[in-house]
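Understanding the architecture of this molecule
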Amino acid sequence: AQKVTQAQTEISVVEKEDVTLDCVYETRDTTYYLFWYKQPPSGELVFLIRRNSFDEQNEISGRYSWNFQKSTSSFNFTITASQVVDSAVYFCALTLNTGNQFYFGTGTSLTVIP
Amino acid sequence: DAGVIQSPRHEVTEMGQEVTLRCKPISGHNSLFWYRQTMMRGLELLIYFNNNVPIDDSGMPEDRFSAKMPNASFSTLKIQPSEPRDSAVYFCATNRDSTYEQYFGPGTRLTVT
């Protein structure tokens, strides 16, 4: 069975601090895909990144970076120099090559305090 | 390009009434998903379609819920009769292939009184 765990339910940081959101996944498949989504207070879910299981290179996009480590089954998300606009709920998700279902974590609510 | 379109954005109805939520997928996307989000249960997959065919409806909570996708451009989620515990935000999402990211619509906030 597949599972995504986001152990951090809520995180608060002061603006300009760095923050890392943890994501741990479980699957026995060797081919899978990992995702991060952002859900700001307005409610929509915004796609941030997709990673496949064969690509362990870290990714950086502006202040956002992602660290994928198969050895620990983790796909962590770091925001550098956080801003108030980063306040949102962030979801990690997993899908397999053999199916269409996405397995979402329970989300981490991030609050950036000005 | 237009994203996933959902209507209505907000729906307030009385218990026992029929509710129909609508979704227009992104053109060219062949899979469509209906989710429900509540504080208690988080994001739950209700049903998904591939090439207009329902693939997995195991998440549909009860017979009161039904979903259709008559063509590649339109899907509906119907609740009849509605109950207060159905109050939630319902999202429609689509993707162009099973391994690609899903794009979500803005959601329909349903309140059943």
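The notes below deal with the structure included here. (Residues numbered from 1 in each chain as written. Chains lettered and ligands numbered in written order. Predicted model: local features only at pLDDT ≥ 70, side-chain atom pairs only at ≥ 80, totals over all residues. Heavy atoms only, no water.)

**Points about the interface of chain B and chain A**
With 19 residues of chain B in contact, the opposing surface of chain A contributes 18 residues. Regarding the contact of chain B and chain A, the summed buried area is about 1,500 Å², with carbon and sulfur atoms giving 57% of it. Applying the counting criterion to the chain B and chain A interface returns 0 salt bridges. Counting across the interface, chain B meets chain A through 2 residue pairs in polar contact (both at pLDDT 80 or more). Only β4 (31–38), β5 (42–50), β9 (88–95) and β10 (103–104) of chain B provide two or more residues apiece to the side of chain B that touches chain A. Here the residues of the side of chain B that touches chain A are counted per class, giving 9 nonpolar, 7 polar and 3 charged. (Contact = heavy atoms within 4.5 Å. Buried area = accessible area lost by both parts, 1.4 Å probe. Salt bridge = Lys/Arg side-chain N within 4 Å of Asp/Glu carboxyl O. Polar contact = N/O pair within 3.5 Å; in protein donor to acceptor, adjacent residues only side chain to side chain. Helix = DSSP H or I, 4+ residues; strand = E, 2+ residues; numbered from the N terminus. Nonpolar A, V, L, I, M, F, W, Y, C, P; charged D, E, K, R; others polar.)

**A look at the nonpolar core**
By size, the foremost hydrophobic cluster in this structure holds 24 residues, and its most contacted members are Trp36(A), Phe75(A), Phe77(A), Tyr90(A) and Leu110(A). The set of elements that each furnish at least two residues to this core consists of β2 (10–14), β3 (19–21), β5 (32–39), β8 (64–69), β9 (74–79), β10 (88–96) and β12 (108–113) of chain A. Setting aside anything within four residues of it in sequence, one finds Phe75(A) in contact with Cys23(A), Leu34(A), Phe35(A), Trp36(A), Ile49(A), Arg51(A), Trp66(A), Asn67(A), Phe68(A) and Cys92(A). Within the second largest apolar cluster, 21 residues are counted, among which are Ile26(B), Ile79(B), Cys92(B) and Val112(B). (Core = buried A, V, L, I, M, F, W, Y, C linked by side-chain atoms within 4.5 Å. Buried < 20%, exposed > 50% of the residue type's maximum accessible area, 1.4 Å probe, protein only.)

**Comments concerning the state of the cysteines**
Tallied over the entire structure, the rule returns 2 disulfides over all chains. Paired by a disulfide, Cys23(A) and Cys92(A) hold their sulfur atoms 2.0 Å apart. Between Cys23(A) and Cys92(A) the sulfur-sulfur dihedral comes to about -65°; the bridge is accordingly left-handed. With Cys23(A) in the loop between β3 and β4 (24–26) and Cys92(A) in strand β10, this residue pair connects regions lying 69 residues apart in the sequence. The buried category is assigned to Cys92(A), whose relative accessible area is 0%. Here Cys23(B) engages in a disulfide with Cys92(B); their sulfurs sit 1.9 Å apart. A torsion of -65° about the S-S bond marks the disulfide between Cys23(B) and Cys92(B) as left-handed. With Cys23(B) in strand β3 (residues 19–24) and Cys92(B) in strand β9, this residue pair connects regions lying 69 residues apart in the sequence. In this pair, the class of Cys23(B) matches that of Cys92(B), namely buried. (Disulfide = S-S within 2.5 Å.)

**Some points on the pairing of β3(B)**
Consecutive side chains along a regular strand alternate between the two faces of the sheet. Alignment of strand β1 (residues 5–7) of chain B against β3(B), held across 3 bridges, turns out to be antiparallel. The residue of β3(B) that forms the bridge with Gln6(B) is Cys23(B). (Pairing = 2+ DSSP bridges.)

**Description of the pattern of salt bridges**
Under the criterion given, the structure shown has 11 salt bridges over all chains. Between Asp86(A) and Arg63(A) there is a salt bridge, with its nearest N and O atoms 2.8 Å apart. You can see Asp86(A) sitting in the loop between β9 and β10 and its partner Arg63(A) sitting in the loop between β7 (59–61) and β8, a full 23 residues away along the chain. Residue Asp86(A) is classed as buried on the basis of its relative accessible area, which comes to 1%. Assessed through its relative accessible area of 24%, Arg63(A) is described here as partly exposed. A salt bridge links Glu62(B) to Arg64(B); its shortest N-O distance comes to 2.8 Å. Assessed through its relative accessible area of 25%, Glu62(B) is described here as partly exposed. Via salt bridges that share partners, Glu62(B), Arg64(B), Glu83(B), Arg85(B) and Asp86(B) belong to a single interconnected network.

Remember that the coordinates give geometry; whether it matters functionally is a separate question.
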